[in-house]
Amino acid sequence: MAFRTSCYSFLTSSSTINIAVRTMLLAVATSFFFTALDMHLPVPAAVEELTVVSLLLLLELSFNSRRQTSTKKQSCGVERKIKEEDIVSGLLGRLQVAAKAGDTDAAEAAMEKILASGSKPSLVCYGALISAFAKAGHVKRAEHWLEALEASNVGSPNGICLNMLISACAKSNAVDRAEYWLAKMPSLGLSPDVMSYNAVIDACARTGDVTRAENWLDKMKTAGTNPNVVSYSSVLHACARSCDASLAEQWLKRMEKEGAEPNAICYNSVINAWCKEGNMRKAAAWLEQMSQRGVQPTVNSYSTIIDKLAKAGDIDAAENWLARMAEAGVEADAVSYNMLFSACSKTGDCARASKLFDHMLERKVVPNTICFNLLINTYSRQGDVSGVLYRLRQMREQGIQADRVSFNTSLKAFSRCADPTAANQMLEEMHAAGIKPDVATYNTFIAVCMRAKDAQKAEGWLCRMAKAGVKADAVSYCTMIDAFAQSGELHRAEKWLEKMEGSGLQVSSGTYGLLVNAVAKMGDISRVERIFKRMEQAAVEVTGSTYNALISACARKGDVDRAEFWLKRMRATSTQADVASYSSVIHACAKASDLTRAEAWIEQMEQDGVQANVVTFNSAINACARCGDVERAEHWFKKMVKQGVQPGVLTFNSLINACAKALHLDRAEKWLRDMPNHGLQPDDVTYSTVIHACGAAQEPQRADNWLKAMLSALYSKGEKPSSFCYNSVAQAWVRGGDVDRAIYWLSEAESLGVEVAVASLNSVVSALTRARRHEEAEIWSKARNQRTEKPRFRAPRPERG
């Protein structure tokens, strides 16, 4: 095999010696061939020479062709290898550039491609990728590639790379992982340095774990690594986070003893710790010590105190510290003022916030977006739309970009606004800031127009909303429906309900309820029932409140049959009838003076497990009063008290009315006197009912006494009696034959500005005429005529004889 390879190499070699030897050997062989041939067949010399040359030429061309093919193959292999090296080199460059720019996705993609190509990334590549992930705070990805580096046997990471990973663990509050990597450094051939320990101590500090931070500081010293200012400041930060100000003080003193000079950050941690404990005196004392020891306080030194005072609502003290900061030569920043703006925002103190803002500009402090947002919120809390718009304009003029928060905060001011012009101005400011209004913004503007009772502009906003490509939502339609329903424009309300149904939006039972409640209040029961049918067609569940609105409307109309029909229908569905449902039907029965049906529904209510309330019992007692059934009225009252339901003034008035209709004066008076025992005081109606009953029973003196008692009780409360009482007593005295006493009470009523009924004047005129007191009758007759012509008259005073 070796001999064949050598022969092939000799025949195909392109060296000068090999070519000469091959030519000579071929010439000799050809000469021998033609010499042998001449013995049998003579050949001309020219033919021999031509033959030799031709063979040599053909043989050399053949060998040369093979050599070229072999050379091309070798060249292609070299080119391919060079191209692959160029690709890998490009990926390495791309990885490093991406890692430096913080583009972890691109860097990781480049690393994956390098690995996929079969190449072995260098230690620098791994380090760049791990560092990029650590800087970005992606701890798990950084750890993944660090483990991949270990498995690759390329080499060990350097200390900077590990420190960055530990720091990333600290920032993500992963204390356990920070400790793990610090402990692993020796196995990677690295010695932890001060930065390594500081990163772990910082991790403990961020979680407020003081004990853990202290332990690592001690371990640091034991390992022969001297702590620096950063080490101690991290422990101080941990003390502040855990609100242990006394321990922070101890560490500051220990730090000084151990030869580390505290800096402003260290003092700020102690000040912050005392502020968190609420001890402002100690915080101020450390600020003073800081200055005395030659450490210049920073803006954070003062801002910590200002922030605590502002959050506690002590704005005066916070402003005082702001002034002290300026006197100390420390320039306040926007953050310092924002603390005060936030306090003003909570109290809605626009005047103070404006004054502070002016002071801020005078001090050449540049406000930021947060400053304006807090100012705007202060105005919004007061509903000051003009103030909000002014600050938005000022913001734009000063070149400060308003954000979505700025406008969302501004929109709060429009919750009570009824100025459509202000809505337009707000939209202009949004466009100027490049903020696209969303559906909530348009809904706010629609509500503004509806409060202004300008339905046309509200509808115009809906059109503008559609042109802007913002789709109206349920709130948009509900705002329109509710506004028209409340204004009594039920036709337009129904029109918008139809539009909502046709828009593809799901119309909720609450939306239908808006229209039902409005229609029910107007007593249009037929229209309510039509809406109910639409709800059924739309497969919308009718809620209890919607049923109650319809039943209540029937009750107010006194339509017992219809009220009962809807209550029965409600009970047949899954909707639970409540106390309001039953009470409305019972009230309808009471209005119809149908005591039997009222009591039957109370029994049904109890069977269904629904507890009666004061309204239910009042309706039942009122039904008894209308029927004059005192015993049943008292029965329901006693049952009411037994069940622990507190009676009201209306309860007693209905009970007294039942007694009055049955002319049971003693019982009526007893119930009136019993009211204070239930924590109640009789009102004008209570007295009027008893007085009227006395008059009807032909007991004017009794009525007179109750009127005096009534006047005494009402005057003590600063209330004025109604005309009904005076008229009842006057007419009782006329029927009792004492027209002078009647005249006295009518004159008293007139002196108090209480209207006197024409019926009372007629009674007096008739009584005087029967008594042949014609002159007086004529006077009262004129007074009566004046009463019919004018809203008031001046009654003639009775002569004192």
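Each chain has its residues counted from 1, running along the sequence as written. Local features are withheld for residues below a pLDDT of 70 in this predicted model, meaning they are given only at 70 or higher, and side-chain atom pairs are given and counted only at 80 or more; totals for whole chains, interfaces and linings count all residues. To obtain the side-chain values, all non-hydrogen atoms of the structure were included, while hydrogens and water were left out.

A.B. asks: Residues and numbers for the overall build of the protein, please.
C.D. replies: A count of helices and strands for the protein gives 42 helices and 0 strands. Put simply, the protein has 801 residues, and 45% of those count as buried. Nonlocal contacts in the protein, meaning residues at least 24 apart in sequence, comprise 60% of its contacts between residues at least 6 apart. Looking at the protein as shown, the accessible area adds up to about 40,200 Å², and 53% of this sits on carbon and sulfur atoms. The helix count covers DSSP runs of H or I at least four residues long, the strand count covers runs of E at least two residues long, and both are numbered beginning at the N terminus. Buried residues are those whose accessible area, probed at 1.4 Å on protein chains only, stays under 20% of the maximum for their type, while exposed residues exceed 50% and partly exposed ones sit between those limits. Contacts are assigned to residue pairs with any non-hydrogen atoms lying within 4.5 Å of each other. The accessible surface values rely on the Shrake-Rupley method and a 1.4 Å probe; as for residues, cover is taken only from the protein chains in view.

A.B. asks: Can you tell me about the packing of helix H7 (residues 159-171) against helix H9 (residues 194-206), naming the residues and giving the values?
C.D. replies: Close contact between H7 and H9 brings their axes to 8 Å; oriented N to C, the two are set at 5 degrees. Our classification of the angle between H7 and H9 gives roughly parallel. Facing H7, whose interface residues are Asn163, Ile166, Ser167, Ala170 and Lys171, H9 presents Met195, Ser196, Ala199, Val200, Asp202, Ala203 and Arg206. Ten residue types, Ala, Val, Leu, Ile, Met, Phe, Trp, Tyr, Cys and Pro, are classed as nonpolar, four, Asp, Glu, Lys and Arg, as charged, and the remainder, Gly among them, as polar. Across the contact of H7 with H9, the residue classes tally to 6 nonpolar, 3 polar and 3 charged. Between N-to-C directions, angles cover 0 to 180 degrees, with each direction set by a line fitted to C-alpha atoms, over the stretch in contact for helices. Roughly parallel covers angles under 35 degrees, roughly antiparallel covers those over 145, roughly perpendicular covers 65 to 115, and oblique covers all other angles.

A.B. asks: Which residues make up helix H16 (residues 315-327), and what values go with them?
C.D. replies: End to end, H16 covers 18 Å across 13 residues, agreeing with the expected 18 Å (1.5 Å per residue, within 8%). All buried positions along H16 are accounted for by Ile315, Ala317, Ala318, Trp321, Leu322 and Met325. The buried side chains of H16 occupy one side of the element, clustering within an arc of 160 degrees when seen end-on. Exposed and oriented more than 90 degrees from the buried face of H16 are Asp316 and Glu327. Summarising the contacts, the buried residues of H16 are in contact with helix H14 (280-292), helix H15 (299-311), helix H17 (334-347) and helix H18 (350-362). In the stretch just after H16, glycine 329 is the one whose phi turns positive, near 85 degrees. Working rule for helices: expected span equals 1.5 Å times residues minus one. Comment: arc refers to directions from the helix axis out to C-beta atoms.

A.B. asks: Tell me about the environment of lysine 708, and please be specific about residues and values.
C.D. replies: Position of lysine 708 among the secondary structure elements: in helix H38 (residues 700-716). Classification of lysine 708 by relative accessible area gives partly exposed; the value is 41%. Discounting chain neighbours no more than four positions away, the residues touching lysine 708 are Arg741 and Trp745.

A.B. asks: Please give an account of the packing of aromatic side chains that cites residues and values.
C.D. replies: Where two aromatic rings form a pair, the distance of their centres and the angle of their planes describe that pair. Any pair of Phe, Tyr and Trp rings, taking the six-membered ring for Trp, is counted once the centres come within 6.5 Å. Such a pair is stacked with planes under 30 degrees apart, edge-to-face with planes over 60 apart, and tilted for the rest. Under the definition given, this model contains 24 aromatic pairs. On the numbers, 6.4 Å between centres and 50 degrees between planes, the contact of phenylalanine 617 with tryptophan 636 is tilted. Of this pair, phenylalanine 617 sits in helix H33 (residues 614-627) while tryptophan 636 sits in helix H34 (residues 630-642), and the two are 19 residues apart along the sequence. You can call tryptophan 636 buried: its relative accessible area is 3%. Joined through ring pairs, the aromatic side chains of Tyr337, Phe341, Phe357 and Phe372 make up one cluster. Counted as over-ring charges are cases with an Arg CZ or a Lys NZ within 6 Å of the ring centre that also lie within 35 degrees of the ring normal. The lysine or arginine in question, lysine 219, covers the ring of tryptophan 216, its NZ or CZ lying 4.2 Å from the ring centre. Above the plane of the ring of tryptophan 461 lies arginine 464, whose end atom (NZ or CZ) is 4.0 Å from the centre.

A.B. asks: For the pattern of salt bridges, give the residues involved together with the corresponding values.
C.D. replies: A side chain of one charge can pair with a side chain of the opposite charge if their charged atoms are brought near each other. Salt bridge criterion: a side-chain nitrogen from Lys or Arg within 4 Å of a carboxyl oxygen from Asp or Glu. Across all of its chains, the model carries 42 salt bridges by this definition. Notably, a salt bridge pairs aspartate 202 with arginine 206, separated by 2.9 Å at the nearest N-O pair. Of this pair, aspartate 202 and arginine 206 both sit in helix H9, 4 residues apart, which is roughly one turn of that helix. Judged by its relative accessible area of 29%, arginine 206 falls in the partly exposed class. With a closest N to O distance of 2.7 Å, arginine 667 and glutamate 634 form a salt bridge. Taken together, the residues span a long stretch of sequence, with arginine 667 in helix H36 (residues 665-674) and glutamate 634 in helix H34 at a distance of 33 residues. Residue classification places glutamate 634 among the buried residues on the basis of a relative accessible area of 12%. Residues joined by salt bridges that share partners form a network here, namely Asp176, Glu179, Asp209 and Arg212.

A.B. asks: Just give me the short version of the packing of helix H13 (residues 264-276) against H14, but keep the residues and values in it.
C.D. replies: With their axes 7 Å apart at the nearest point, H13 and H14 run at an angle of 165 degrees to one another. Relative to H14, H13 is oriented roughly antiparallel. H13 and H14 meet at a crossing whose hand is right-handed. Mapping the contact onto sequence places Ala264, Tyr267, Asn268, Val270, Ile271, Trp274 and Cys275 in H13 and Met280, Lys282, Ala283, Trp286, Leu287 and Met290 in H14. Crossing handedness is defined as follows: a turn of the near helix away from the far one that is anticlockwise and smaller than a right angle gives a left-handed crossing, while the clockwise case is right-handed.

A.B. asks: Talk me through the nonpolar core; I want residue IDs and the actual numbers.
C.D. replies: Membership of the largest hydrophobic core comes to 246 residues, with the highest contact counts inside it found for Ile306, Phe341, Ile691, Leu707 and Val764. A total of 8 residues in this core trace back to one element, the largest contributor, which is H13. For this analysis, a nonpolar core means a set of buried residues of the types Ala, Val, Leu, Ile, Met, Phe, Trp, Tyr and Cys, connected via side-chain atoms within 4.5 Å.

A.B. asks: Just give me the short version of the state of the cysteines, but keep the residues and values in it.
C.D. replies: Note on disulfides: each one is a pair of cysteine sulfur atoms within 2.5 Å. Applying the stated criterion across every chain yields a total of 0 disulfides. We note that cysteine 627 lacks a disulfide partner, and the nearest cysteine sulfur, in cysteine 624, lies 7.1 Å from it. Cysteine 627 sits in the partly exposed class, given a relative accessible area of 38%.

A.B. asks: Give a detailed account of the environment of isoleucine 743, specifying residues and quantitative values.
C.D. replies: Along the chain, isoleucine 743 falls in helix H40 (residues 739-751). As for isoleucine 743 and leucine 761, which are separated by 18 residues in sequence, their C-alpha atoms are 9.1 Å apart.

A.B. asks: With reference to specific residues and values, describe a positive patch on the surface.
C.D. replies: Here a patch means residues that are over 30% exposed by relative accessible area and free of salt bridges, tied together within 9 Å if like-charged and within 5 Å if nonpolar (Val, Leu, Ile, Met, Phe, Trp, Tyr). The convention is simple: Lys and Arg are positive, Asp and Glu are negative, and His and the chain ends are not counted. Here the site of a charge means atom NZ of a Lys, CZ of an Arg, CG of an Asp or CD of a Glu. Positive charge collects at one region of the surface, where Lys521, Arg556, Lys591, Arg626 and Lys661 lie side by side. On the accessibility criterion, lysine 661 (48% relative accessible area) is partly exposed.

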